[in-house]
Amino acid sequence: MKRSITLDVNGATRTTEVEPRALLASVLRDQLDLTGTHIGCDTSQCGACTVLLDGRAVKSCTVLAVQAEGKQITTIEGLSGDGRLHPLQQAFWEKHGLQCGFCTPGMILTAVDLLSQNPTPSEAEIRHALEGNLCRCTGYQNIVAAIQSAAGALR
Amino acid sequence: MATLFGSGIKRREDPRLVTGRATYTDDVKLPGLLYAAILRSTYAHAKLKQVDVAKAKQAAGVVAVYTGADLRDKVNAVPCAWNVPNCDLKVPPHPVLAVDKVRYVGDGIALVVAESRAAARDALDLIEVDYDPLDAVVDPERAAQKGAPQLHADVPNNVAFTWKVTGGDADKAFAEAPVKLEQRILQPRLLPTAMEPRAACASYNPGTGQLTCWITSQNPHIHRFLLSVMTKLPEHRIRVIAPEVGGGFGSKIPGYADEALVSFASLDLGRPVKWTEDRSENYKVTIHGRDHVEHVELCGTKDGKITGLRTRVYAGLGGYASTAAPGIPTILHGLMYSGPYAIPNIAGTVYGVYTTTTPVDAYRGAGRPEATFLLERMIDLYARKIGMDPVEVRRKNLIPNDKFPYTVATGITYDSGNYQGALDKALQMIDYKKFRAEQAKARKDGRYLGIGVTTYCEICGLGPSQVAGAVGFGGGLYDSAIVRVYPTGVVRAYIGAKPHGQGEETTFAQIVADEFGLPVENVEVVAGDTEATPQGWGTYGSRTTAVCGSAVKVAAQRVKAKAKQIAAHLLEANEADLDWKDGKFVVKGSPDKSKSFGELALMANVAWNMPPGVEPGLEATAFFDPTNFVFPFGTHICTVEVDAETGEVKILRYIAVDDCGPQINPMIVEGQVHGGVIQGLGEALQERAVYDEDGQLLTGTLMDYAVPKASQMPKIETAHTVTPSPVNPLGVKGVGETGTIASVPTLVNAVCDALAPLGVTHIDKPLTPARVWTAIQQAKGGAR
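Residues numbered from 1 in each chain as written. Chains lettered and ligands numbered in written order. Predicted model: local features only at pLDDT ≥ 70, side-chain atom pairs only at ≥ 80, totals over all residues. Heavy atoms only, no water.

Novice: Just checking my understanding: could you explain the domain arrangement of chain B for this structure?
Specialist: Often, the extent of an interface is quoted as the loss of accessible area upon association of its parts. Residues and elements named next belong to chain B. Here chain B is partitioned into domain 1 (14-134 + 196-246 + 252-285), domain 2 (289-462 + 628-779) and domain 3 (478-624). Computed from C-alpha coordinates alone, the two centres of domain 2 and domain 3 are separated by 40 Å. Contacts between the two partners involve 19 residues from domain 2 and, on the opposite side, 19 residues from domain 3. Counting each side, the surface lost to burial between domain 2 and domain 3 is near 1300 Å², with a carbon and sulfur contribution of 66%. Three residues, Leu 462, Ile 664 and Leu 730, lead the burial of domain 2 against domain 3; their summed loss comes to 39% of the area buried on that side. In terms of residue class, the side of domain 2 that touches domain 3 is built from 10 nonpolar, six polar and three charged. (Domains from an automatic or database assignment. Contact = heavy atoms within 4.5 Å. Buried area = accessible area lost by both parts, 1.4 Å probe. Nonpolar A, V, L, I, M, F, W, Y, C, P; charged D, E, K, R; others polar.)

This is how it looks when you write it as structure tokens:
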């Protein structure tokens, strides 16, 4: 039985019909056409689907769409505006923190949360914060470097 | 003017990727789109007695359901495309949906097409399958023994092929050698785990008779051909688009039943159909890598000269022969048994064996990591046996710098090398003598430090097409580019390869911009659409820059030659009197008489005043076929400390010195090394696909399969030497797989070195704390 929900996504109000069992990740992708949120697993390990819910990073595959009502959702598409990159997007670009790019939206949004909680993380703290985000291409070294660089830029 | 070649400029791929504006296959949405789901066998080996789809057909939202029986005459079997000669290769048919028997958990049984993903998935549960279970066999060595369960009627003992490589006289060498050793080495099965799962979206237009299929593909032209074979549609009516591709590591090379199934469904229903696997399905269906059981023998002198190598290898192929599977443990493995060393006598036998498991095919390194690992492991064992430093043994056997091109005993010829140079640099970085002194001191304190040194070379830049044909590869291995100059002087290069994270949209733009003296922003590189790009063979085997990059270079040179003709005509000068300077053709001695590249682009495209006999337009196509493979090389060194109480391995330093010739973009090269090394360390330390004896994949999700995480992995220190290859105009060699090839033995040798005082000689991968601890106990004669 579908029901109508209203979501606050990237500052816009979006109303859509969903099944109660629908995951936020699927609704963002299939119904709201926000395909920057990626799905890389089915057990909440990979973190490619990470979005911000009221500013905190969550895996949108572990959230039902109906649970996200009343919260502010930020996806990778909504992270920057005015044609300018967010300092983390810029830093991932400058430090070669991505290759195939599939994990990147989740990595960046996880890092946004990290830096909002801890503006001066150590390398070990960054690596620990990425515990729930997998990358198969970069070996993480440049992702860590990008987050360190962005932390400096944001201070 | 400074060249872009050699400059670590930022990648042009990234703005779309960091903002979520890239289009991967599952992002493709078309009007009237239907969704497919595939019922997978839950048994590893069983007769299919009945497949009842009646209830599924009635389910809400379901449009169609197909079984193997429905498709038997409509869709051809999945082809194997590497027909390795002289090995009695047997390739039984691999139907797109199983007809009478399933041969691995994940083998397709039925296809459901529905109005939504959820409806398609739900309907799978309504299909009733009556299985008659048969015995499973998952170990390739056991599967090849008499009495093992038989997968295919016409393949006795499940042996798909018996392939041999010989050079010199290994039996004589072993008979005469004063030192001999042997070791059984396991190369566990691995799950490639590209972060983007595979997907296919097919759209057949009954009005035009054209099929467009978006596929997560490393090689769209190969997929077009394979799709043509399976769907029976002629190749010119198929367009394959590989849009953004989220990693591959080999797993997106093969042709799979899945893209044929959605294509058939789209043809049958006249609506677009999309299928996307989830990770559990990916682990069951998308190819696996490695899976060797190796019996290895090495012989040599007492002072460290290796005189012979013998192998007997059982390579698991899974339930069917995947697209390139027969070539991986043979051509790309056995021919590299000499590594960077002059080993005069080599004899190897490789059995390709069907097992009731997911098919095995190319996974990052594909055959060469297995060869490098067995060789490097044996050298450390040899060094220990004769009481010689393992670095000195390597140095004694490395092919000397002045011997290139060098033909090894297996018959292939290495292009260029400076193996000692890379070794010296790496030893200097680690300060080898100092570490050995620290190690000796630590041992006195009861601490276990170890060092692993790997000198490697590998075969890549695949490769001359003539050789491809000779070794049974079902295609060419040249690659291609069209360089097209627009009237306003901006450029597009259309390439036959298909980068999926390696950054060639940037590096190839660097090549073209250099050739024309343009800012790099004025060049776009287009890949992945068979409608736009010339016939090419894809991105794998670290071939894209060496082969396709060379095609880009040659095409750009042809364009420039034509521009020069036009410049000479317009300037009323001889071509010989023109210099190329700062993006202009300038008449010698008359610096004010010149034509810029932009002016020539306009004049060529409007064609108001062309030289006699010269056609309008400014573009060129090149097909580049190299004269040989390329052989990158280097030395990797790892130092570790092992906790003998817990078996935990801590990496202290990891140094990678690689030589891939001149680097177009050092930032990207370094990124390839980082990623490759970490992927190899995952293999060495924690990754292993595990089947139980019934053929159930126990590591069936990312909860159970240990892909490396950021917190588990070290920082890599990189350095390079530069030895150009003579076989392509850029002098470049591949670097996409070297990290994975070199790092696995480096880590394992370091751990075995650390535990030498305890008598540990060998530990099978992955070196989890439990395995290391057990090895320590066994060496002590304690616990089992």
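Novice: What's the story with the nonpolar core in this structure? I'm lost.
Specialist: As a rule of thumb, soluble globular proteins bury nonpolar side chains together. Residue and element names in this part refer to chain B. Formed by 161 residues in total, the largest nonpolar core has its most connected members in Tyr 414, Val 640, Leu 747, Val 751 and Leu 755. Residue contributions to this core peak at 10 residues, all from helix H10 (residues 368-386). Every residue in contact with Leu 747, bar those within four places of it in the chain, is listed here: Cys 638, Val 640, Val 649, Ile 651, Leu 681, Ala 684, Leu 685 and Leu 767. Core analysis: the next-biggest nonpolar cluster, separate from the first, contains 52 residues, Val 491, Val 512, Ala 604 and Ala 620 among them. (Core = buried A, V, L, I, M, F, W, Y, C linked by side-chain atoms within 4.5 Å. Buried < 20%, exposed > 50% of the residue type's maximum accessible area, 1.4 Å probe, protein only. Helix = DSSP H or I, 4+ residues; strand = E, 2+ residues; numbered from the N terminus.)

Novice: Can you help me understand the interface of chain A and chain B in this one?
Specialist: Each partner contributes to the interface: chain A provides 47 residues, whereas chain B provides 55 residues. By the criterion of area lost to chain B, the three top residues of chain A are Trp 93, Arg 136 and Gln 141 of chain A, representing 20% of everything that side buries. Our count for the chain A to chain B interface comes out at eight salt bridges. As a salt-bridge pair, Asp 122 of chain B and Arg 21 of chain A come within 2.7 Å of each other at their nearest N and O atoms. Taken together, the links from chain A to chain B amount to 28 residue pairs in polar contact (both at pLDDT 80 or more). Listing elements by their share of the side of chain A that touches chain B, those giving two or more residues are helix H1 (24-31), helix H2 (87-94), helix H3 (104-117), helix H4 (123-129) and helix H5 (141-154) of chain A. (Salt bridge = Lys/Arg side-chain N within 4 Å of Asp/Glu carboxyl O. Polar contact = N/O pair within 3.5 Å; in protein donor to acceptor, adjacent residues only side chain to side chain.)

Novice: What is the right way to read the pairing of strand S10 (residues 210-215) of chain B from this model?
Specialist: The side chains of a regular strand alternate, first on one face of the sheet and then on the other. Residues and elements named next belong to chain B. Counting buried positions along S10 gives five out of six residues, so the element sits mostly inside the fold. Pairing of strand S9 (residues 199-205) with S10, which is carried by six bridges, proceeds in the antiparallel orientation. Its bridge partner lying in S10, Asn 205 is registered against Gln 210. Here S10 pairs with strand S11 (residues 238-241) via four bridges, running parallel. Looking at the pairing, Leu 211 lines up with Ile 238 of S11. (Pairing = 2+ DSSP bridges.)

Novice: Would you mind going over the sheet that holds strand S5 (residues 72-74) of chain A with me for this structure?
Specialist: Sheet strands associate in pairs through backbone hydrogen bonding, adopting either a parallel or an antiparallel arrangement. All names here are of chain A. Pairing is mixed across the open sheet formed by five strands, whose spatial order is S2-S1-S5-S3-S4. The open sheet is flanked by strand S2 (12-18) and strand S4 (56-59), the only strands paired with a single partner. For this sheet the average axis-to-axis angle between neighbouring strands, irrespective of direction, equals 40°. As paired strands, strand S3 (residues 50-53) and S5 are joined by two bridges and run antiparallel to one another. (Axes fitted to C-alpha atoms, helices over the stretch in contact; angles between N-to-C directions.)

Novice: Would you mind going over the domain arrangement of chain A with me for this structure?
Specialist: All names here are of chain A. Here chain A is described as being made up of domain 1 (3-77) and domain 2 (87-154). Placing the centre of domain 1 and that of domain 2 at their C-alpha centroids yields a distance of 21 Å. Contacts between the two partners involve 18 residues from domain 1, matched on the other side by 14 residues from domain 2. A buried area of about 1200 Å², summed over both sides, lies between domain 1 and domain 2, and 60% of it is on carbon and sulfur atoms. Of all residues in domain 1, His 38, Arg 56 and Ile 76 give up the largest surface area on contact with domain 2, accounting jointly for 38% of the area buried on that side. The tally of links between domain 1 and domain 2 comes to one salt bridge. Asp 113 is the salt-bridge partner of Arg 56, the closest N and O atoms lying 2.8 Å from each other. Inspection of the region where domain 1 meets domain 2 yields seven residue pairs in polar contact (both at pLDDT 80 or more).

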